[in-house]
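Topology and contacts: notes
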Amino acid sequence: MEKNAQSTASLPKTLVRPSSGVSEKHDPYLVALEPEDDPTSLPLWRRWLATVIVNMGAICVTGASAMAATAEHSISAEFHVSVEVTILSVTLFTLGLGVGPVLIGPLAEMIGQRKIYLGSFFTMWCFTWPTAFSHSLAVHLIFRFLAGFCGSAFLSIGGATITNLFRPEDVGVPMAAYTISTFIGPVLTPMFQGYTKNAGWRWMYYVLLMWSFAETIALLAVPETVMAVLLRKKAAKLRKSTGDQSYYAASERAEHDFGSDLWKGLKDILSIMLFDRMAFLLDVWLSLILGILYLTFQAFPIIFAGKHGFNPGQTNLSFMGVLIGELIALASMVYWAPWGKRVAQRHGGNPPPEVWFAMGKIGGILIPI
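The structure presented is a predicted model; accordingly, all values stated were derived computationally and were not measured.

**Some details on the overall build of the chain**
Of regular secondary structure, the chain possesses 17 helices and 0 strands. In the chain, which comprises 369 residues, the share counted as buried stands at 41%. Put simply, 74% of the contacts in the chain that link residues at least 6 apart link residues at least 24 apart. Summing over all exposed atoms, the chain offers an accessible surface of approximately 19,300 Å²; the carbon and sulfur share of this is 68%.

Take a look at the structure:
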């Protein structure tokens, strides 16, 4: 965000930053962002409002993945299949969550995160209708996968939005809240479903329809944070307000091919996942944690209902222990956030990534315990 060295009184005050694919000379018509245009300059309440909405969306999507776990016997009875087959309702939704970000994530830099958010929740809402009202198990399972795939687009960019809204020294707490939200969802929805069993399994999808629709409306309050998109919007606004069509954003002059750009983004994601050892090990670690979390959907009924005689409501309340643990982890940011600032100061504001593994070391011991 550097000011154009050749700004003149006759031109609107814009920040100009040469970029690859554009003339290396300072161009007074090449638009860049003023400091006040930066998403981190938004009022604190606006940034936290966006963070809360993004976190609630993460809870909704991940909670939807676990909804079917407590309804397996009801779905089995209605569609006349074994309980093992109905587990696919959870498996396929989760598979969609895993596949979607790899394919949809690269789109954010092209069309913006806001469109991804709205499109993700709107399409998930649409695909939940056939799931809720289907009278065929095949239809039910197919649209569970499609709903998970569409919902995953939201999860693939939530962290990036929060990173763009807060400065590096302040992002610790909101990022921790977002991370915990993705784990809260799967344990929150089973807790209330045990007490709605008499209403029928379809009612949990009716609730999901209302929840996802409300979240779609709320997402209208989340600002766009992708710099390339913000620059294009600012350039268009300048062209309209001045009548001078010379103003442009760097991405508007660069050559774009949707297919090749998407393929490049996909290759970048796969390269990081496979060849960056730190990212690869983190992926394996998070996969293990989520795998254990989803195994509890099958294990807790066996342990608490089968062994201890809990009723459905009591069995699902057993997930409260996991939820309390997650909230304690979030509360620990009261210590970790100031610690992170001190570490950043010691490294001149640019600490090496491995220093953040200090939190992981503690978690790595506590999870097996």
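**Description of helix H7 (residues 137–165)**
The terminal C-alpha atoms of H7, which comprises 29 residues, lie 42 Å apart, in line with the 42 Å expected from a rise of 1.5 Å per residue. Ile 157 marks the point of greatest bend in H7, at about 35°.

**A few points about the side chain of Thr 296**
Its place among the elements puts Thr 296 in helix H13 (residues 277–307). Sequence-distant contacts of Thr 296, defined by excluding residues within four places in its chain, comprise Pro 301 and Phe 319.

**Some thoughts on the pattern of salt bridges**
Inspection of the entire model under this criterion finds 3 salt bridges. Glu 78 is the salt-bridge partner of Arg 202, the closest N and O atoms lying 2.5 Å from each other. One end of the pair, Arg 202, is in helix H9 (residues 202–218); the other, Glu 78, is in helix H2 (residues 72–79), and 124 residues separate them in sequence. Residue Arg 202 is classed as buried on the basis of its relative accessible area, which comes to 12%. Owing to a relative accessible area of 35%, Glu 78 belongs among the partly exposed residues under this scheme. Residues Asp 170 and Lys 341 are paired through a salt bridge, measuring 3.5 Å at the closest nitrogen-oxygen approach. One end of the pair, Asp 170, is in the loop between H7 and helix H8 (172–193); the other, Lys 341, is in helix H16 (residues 333–346), with 171 residues separating them in the sequence. Judged by relative accessible area, Asp 170 falls into the partly exposed class, the value being 32%.

**Regarding a nonpolar patch on the surface**
A cluster of nonpolar side chains, contributed by Met 278, Leu 282, Trp 285, Leu 286, Leu 288, Ile 292 and Ile 367, occupies part of the molecular surface with about 560 Å² of accessible area. The topology assignment puts Leu 288 in helix H13. Judged by its relative accessible area of 46%, Leu 288 falls in the partly exposed class.

**Description of the UniProt feature "transmembrane region" (unreviewed entry) in the chain**
Feature annotation in UniProt assigns "transmembrane region" (unreviewed entry) to the following positions: residues 48–69, 81–104, 116–135, 141–163, 175–192, 204–231, 280–305 and 317–337. Secondary structure over residues 204–231 splits into 71% helix and 0% strand, and the C-alpha atoms at its two ends are 42 Å apart.

**A short note on the side chain of Ser 65**
One can find Ser 65 in helix H1 (residues 44–67). A polar atom in the side chain of Ser 65 sits 2.6 Å from the side chain of Tyr 294. Setting aside its immediate chain neighbours within four residues, Ser 65 contacts Val 90, Phe 93, Thr 94, Leu 97, Arg 144 and Tyr 294.

**A word on H9**
Turn by turn, an α-helix covers 3.6 residues, leaving residues three or four places apart pointing in a common direction. In this model H9 runs 25 Å from its N-terminal to its C-terminal C-alpha over 17 residues, within 8% of the 24 Å that 1.5 Å per residue would give. For H9, every residue scored as buried is listed here: Arg 202, Met 204, Tyr 205, Leu 208, Leu 209, Trp 211, Ser 212, Glu 215 and Thr 216. Elements that come into contact with the buried residues of H9 comprise H1, H2, helix H4 (88–104), helix H6 (113–133), H7 and H8.

**Let's talk about the nonpolar core**
Grouped together as the largest cluster of nonpolar side chains are 60 residues, with contacts concentrated most on Met 124 and Phe 154. Counting residues per element, this core draws most heavily on H1, at 10 residues. Sequence-distant contacts of Met 124, defined by excluding residues within four places in its chain, comprise Cys 60, Val 61, Phe 93, Ala 147, Cys 150, Gly 151 and Ser 212. The next biggest cluster of nonpolar side chains, apart from the first, holds 9 residues, and it includes Ala 32, Leu 33, Leu 231 and Tyr 247.

Definitions and limits used
Residues numbered from 1 in each chain as written. Predicted model: local features only at pLDDT ≥ 70, side-chain atom pairs only at ≥ 80, totals over all residues. Heavy atoms only, no water. Helix = DSSP H or I, 4+ residues; strand = E, 2+ residues; numbered from the N terminus. Buried < 20%, exposed > 50% of the residue type's maximum accessible area, 1.4 Å probe, protein only. Contact = heavy atoms within 4.5 Å. Areas by Shrake-Rupley, 256 points an atom, 1.4 Å probe, with all protein chains shown as cover. Expected span 1.5 Å × (residues − 1). Bend = angle between axes of the 7 residues up to and from the residue. Salt bridge = Lys/Arg side-chain N within 4 Å of Asp/Glu carboxyl O. Patch = residues over 30% accessible without salt bridge, like charges linked within 9 Å, V, L, I, M, F, W, Y side chains within 5 Å. UniProt positions renumbered as here; feature names shortened; annotations may be inferred. Polar contact = N/O pair within 3.5 Å; in protein donor to acceptor, adjacent residues only side chain to side chain. Core = buried A, V, L, I, M, F, W, Y, C linked by side-chain atoms within 4.5 Å.

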